[in-house]
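Summary of structural features
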Number of protein chains: 2
Amino acid sequence: MQDPFDQKKKSILAEIGTTDETTPDASPKGTIDEFCIPIINLINSNKDMVTTSSCSGRVSVFLEGVKDINQDDVKIGAKGNNGRWIFVTHDPKDLPDWFSSVNFKYITDTSSYESTSVTTRYILYKFEPLILHVKCRDLEMANKLYSAAMSCGFRESGIGTNNIVGIRISIKLDVPIGFLNELTEELVSFVSQDYLRVITKLSEDRFKENFKKLDALYKAVESLNTLQNSTSKVETKEERRVRKMKEGLARREEVRALKEQKKKEKLEEQEQAHS
Amino acid sequence: MQDPFDQKKKSILAEIGTTDETTPDASPKGTIDEFCIPIINLINSNKDMVTTSSCSGRVSVFLEGVKDINQDDVKIGAKGNNGRWIFVTHDPKDLPDWFSSVNFKYITDTSSYESTSVTTRYILYKFEPLILHVKCRDLEMANKLYSAAMSCGFRESGIGTNNIVGIRISIKLDVPIGFLNELTEELVSFVSQDYLRVITKLSEDRFKENFKKLDALYKAVESLNTLQNSTSKVETKEERRVRKMKEGLARREEVRALKEQKKKEKLEEQEQAHS
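Parameters and conventions
Residues numbered from 1 in each chain as written. Chains lettered and ligands numbered in written order. Predicted model: local features only at pLDDT ≥ 70, side-chain atom pairs only at ≥ 80, totals over all residues. Heavy atoms only, no water. Buried < 20%, exposed > 50% of the residue type's maximum accessible area, 1.4 Å probe, protein only. Helix = DSSP H or I, 4+ residues; strand = E, 2+ residues; numbered from the N terminus. Pairing = 2+ DSSP bridges. Axes fitted to C-alpha atoms, helices over the stretch in contact; angles between N-to-C directions. Parallel < 35°, antiparallel > 145°, perpendicular 65-115°, else oblique. Left-handed = near helix turned anticlockwise from the far one by under 90°. Contact = heavy atoms within 4.5 Å. Domains from an automatic or database assignment. Buried area = accessible area lost by both parts, 1.4 Å probe. Salt bridge = Lys/Arg side-chain N within 4 Å of Asp/Glu carboxyl O. Polar contact = N/O pair within 3.5 Å; in protein donor to acceptor, adjacent residues only side chain to side chain. Nonpolar A, V, L, I, M, F, W, Y, C, P; charged D, E, K, R; others polar. Core = buried A, V, L, I, M, F, W, Y, C linked by side-chain atoms within 4.5 Å. pLDDT = per-residue confidence, 0-100. Disulfide = S-S within 2.5 Å. Phe/Tyr/Trp six-rings, centres within 6.5 Å; stacked < 30°, edge-to-face > 60°. Expected span 1.5 Å × (residues − 1).

Focus on the pairing of strand β5 (residues 122-128) of chain B
All names here are of chain B. Of all 7 residues that make up β5, 5 are buried, and the element is covered over most of its length. Taken together, the 6 bridges between strand β2 (residues 58-63) and β5 define a ladder with antiparallel strand orientation. The partner of Val61 across the bridge, within β5, is Tyr125. Two elements, β5 and strand β9 (residues 173-181), share 6 bridges in a ladder whose sense is antiparallel. Residue Phe127 lies in a different strand from β9, and its bridge partner there is Leu173.

Section: the packing of helix α2 (residues 37-44) of chain A against helix α4 (residues 193-229) of chain A
Helix packing for two helices is described by the angle between their axes and how far apart those axes are. Residue and element names in this part refer to chain A. For the pair α2 and α4, the least separation of the axes is 10 Å and the interaxial angle reads 15 degrees. Put simply, α2 runs roughly parallel to α4. At the point where α2 passes α4, the crossing takes the left-handed sense. Judged by residue contacts, Pro38, Ile39, Leu42 and Ile43 of α2 engage Leu214, Leu217, Tyr218, Val221, Glu222 and Asn225 from α4.

Focus on the domain arrangement of chain A
Residue and element names in this part refer to chain A. What the domain assignment reports for chain A is domain 1 (53-232) and domain 2 (236-274). Here domain 1 meets domain 2 over a buried area of about 940 Å², counting both sides, of which 62% is carbon and sulfur. For the domain 1 face of the interface with domain 2, the top three residues by lost area are Ser151, Leu227 and Ser230, together amounting to 46%. Our count for the domain 1 to domain 2 interface comes out at 0 salt bridges. Inspection of the domain 1/domain 2 interface yields 0 residue pairs in polar contact (both at pLDDT 80 or more). Contributions of two or more residues to the side of domain 1 that touches domain 2 are made by α3 (139-151) and α4. Its residues assigned to classes, the side of domain 1 that touches domain 2 shows 3 nonpolar, 5 polar and 1 charged.

As for the nonpolar core
Among the nonpolar cores identified, the biggest contains 132 residues, and Trp98, Tyr125, Ile177 and Leu217 of chain A together with Trp98, Tyr125 and Ile177 of chain B are the most heavily contacted of them. Each residue touching Trp98 of chain A, except ones within four places of it in the same chain, is listed here: Val61, Phe87, Phe104, Tyr125, Ile177, Leu196 and Thr200 of chain A.

Focus: the pairing of strand β10 (residues 186-189) of chain B
Residue and element names in this part refer to chain B. Where strand β4 (residues 104-106) lies against β10, 3 bridges are found, and the strand directions are parallel. Across the sheet, the residue bridging to Lys105 is Val188, located in β10. The pairing of β9 with β10 spans 4 bridges and is classified as antiparallel. Paired with Gly178 across the strands is Ser189, a residue of β10. The hairpin formed by β9 and β10 contains 4 residues between the paired strands, and Glu185 there has a positive phi angle of roughly 65 degrees.

Topic: the confidence of the model for chain A
Residues and elements named next belong to chain A. On average, chain A scores 85 in pLDDT, and the residues at 70 or more come to 80%. The lowest-confidence element of chain A is helix α5 (residues 237-270), averaging 71 in pLDDT; the highest-confidence one is strand β6 (residues 131-136), averaging 97. Across residues 269-274 the pLDDT falls below 50, and counting only partners more than four positions away or on other chains, this stretch makes 33 contacts in the model. Two numbers describe this predicted complex: its pTM, 0.81, and its ipTM, 0.79.

Focus on the pattern of salt bridges
All told, the structure shown has 26 salt bridges over all chains when counted by the stated rule. The salt bridge involving Lys67 of chain A is made with Glu64 of chain A; its shortest N-O contact spans 2.7 Å. Side by side, Lys67 of chain A and Glu64 of chain A carry an identical accessibility label, which is buried. With its nearest N and O atoms 3.0 Å apart, the salt bridge here joins Asp3 of chain B to Arg137 of chain B. Taken together, the residues span a long stretch of sequence, with Asp3 of chain B in the segment before α1 (4-18) and Arg137 of chain B in the loop between β6 (131-136) and α3 (139-151) at a distance of 134 residues. Taking relative accessible area as the criterion, Asp3 of chain B reaches 30% and is therefore assigned partly exposed. Taken together, the shared-partner salt bridges in this structure form one network comprising Asp3, Asp6, Lys47, Asp48 and Arg137 of chain A.

Re the side chain of Ser60 of chain A
Residues and elements named next belong to chain A. Mapped onto the elements of the fold, Ser60 is located in strand β2 (residues 58-63). Judged by relative accessible area, which is 4%, Ser60 ranks as buried. Those residues within four positions of Ser60 in sequence are excluded, and the remaining contacts are Trp85, Phe87, Val88, Leu124, Tyr125, Lys126 and Glu128.

Details of the environment of Phe5 of chain A
Residues and elements named next belong to chain A. Structurally, Phe5 can be placed in helix α1 (residues 4-18). Spatially, the C-alpha atom of Phe5 lies 37 Å from that of Leu173, the residues being 168 residues apart in sequence. Setting aside its immediate chain neighbours within four residues, Phe5 contacts Lys47, Asp48, Met49, Val50, Lys135, Cys136 and Arg137.

What about the state of the cysteines?
Formally, a disulfide is one covalent bond, and it connects the sulfur atom of one cysteine to the sulfur atom of another. All names here are of chain A. All chains considered together, the criterion is met by 0 disulfides over all chains. The cysteine Cys55 is free of any disulfide, with Cys36 supplying the nearest cysteine sulfur at 6.7 Å. Here Cys55 falls in the buried class, since its relative accessible area comes to 2%.

Here we look at the packing of aromatic side chains
Residue and element names in this part refer to chain B. Using the criterion set out here, one finds 25 aromatic pairs over all chains in the structure. Between Phe87 and Trp98, the ring centres sit 5.3 Å apart and the planes meet at 20 degrees, which makes this aromatic pair stacked. One end of the pair, Phe87, is in strand β3 (residues 84-89); the other, Trp98, is in the loop between β3 and β4, with 11 residues separating them in the sequence. Trp98 carries the same exposure label as Phe87, and that label is buried.

Observations concerning α3 of chain B
Residue and element names in this part refer to chain B. Taking 1.5 Å per residue as the helical rise, α3 with its 13 residues ought to reach 18 Å, and the 18 Å between its terminal C-alpha atoms agrees with that figure. All of the buried residues in α3 are Met141, Ala142, Leu145, Tyr146, Ser147, Ala148, Ala149, Met150 and Ser151. With its phi angle positive at about 95 degrees, Gly153 sits one or two positions after the end of α3.

Here it is in structure tokens:
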């Protein structure tokens, strides 16, 4: 009998294995982001971890769904009710001039903004950074992964139920750039092309920072794996030497991470009402 | 001898107690946000929890710090190095026309955007929602609080080290609205006052949703407390009747939360590569 974690991991990996452009998964894109594949493979090579969801970071331009004014809870930025993506990319190479392929109506008479109301469906431009969910065999592994992520600056990480670690950062952009003219069905942009160019450039900068953080996370998980594997095999003298060196590095990294952690907690405690 | 958690809680509460406008804490505002006080008191009335940091939600307008081009890591949105707040409020009442008190230079000739470079210090307009950190006596309490928060839609919550629960949502705005002209030292806005009016209005909507979620969280923590207190006192028949009713409600809420949780986890598993 396999234990429950191993069973779960096997079924998740089988599902990932069958996912491609012809048999998509439940996500809007339908496949795993290219830039996530190395870290996903690295994480899944550890017998005590399995990735359950991932996004390598993206720029998306989104039209909110229809808002029901009679409903008490008018949803902001909701995807339901005919919300739709106007543009999505995970690759900064696709960014330059993305808006030239969208049929925006740019308004210069800014007084027409006044036509927006509580049910106006806004167009939102977003940069969303890397996010990963990783199910761990036990709380000990979850704590290790959590500490590794925090030490790389994934400050909004946390452990949820069933030892699932959410790895999150907050480099974002979240910019309303226009709305839907319900009468003409036109996508109206209330910012200029020059402004779109600015936020596109700023997104490129954010992509850079995002990938730098992804690299750091990759290295931190590598250290975790090394430390774990090194305790369970017969080795040559040379292998032992290399292992000892790597362990030393990993431990130093862990100590550094712990110190960082302690410092952060101390700060948080001082920051009662951090705003 | 007090146990370590009780000691810690006592020292944190003592610190909160002495914080006011004349003896501020380490946060930029220096005191606890008014809108957070009820939930902070509620959480701290539970012997197994203590708040370590909080922000009720805010709008801030921020000028990034000086960027060192020679440093490999040019910080985006960094507060260090002479970054400064241009406007901050936790109260939606302060929002209308906030920009009339700021000496912005509005540019109409959009070609001057071209003057921005990698070291340009941008002005960022942000809406940041409620965030709370709560230290719990043990993992059991942390799990309960985490589940309560998730059930109220605080989807980015998580448990960190030392049983500290981070309670987070993602209703945000993060909008570059201008930059610093280094020569003239002017704050240049590259969006119009009409556009500022739009994002101000959208911030008011987000404040509404934010406070709705804060209310829901308050009720969920109230249920947690009721459930806990009810197990440890002598009571009259009437008290017992009321307790039983409240417990029933709280359990139903917990079951609902658990279901929600399960549903979410299932979704997450299906959403391998959710982007």
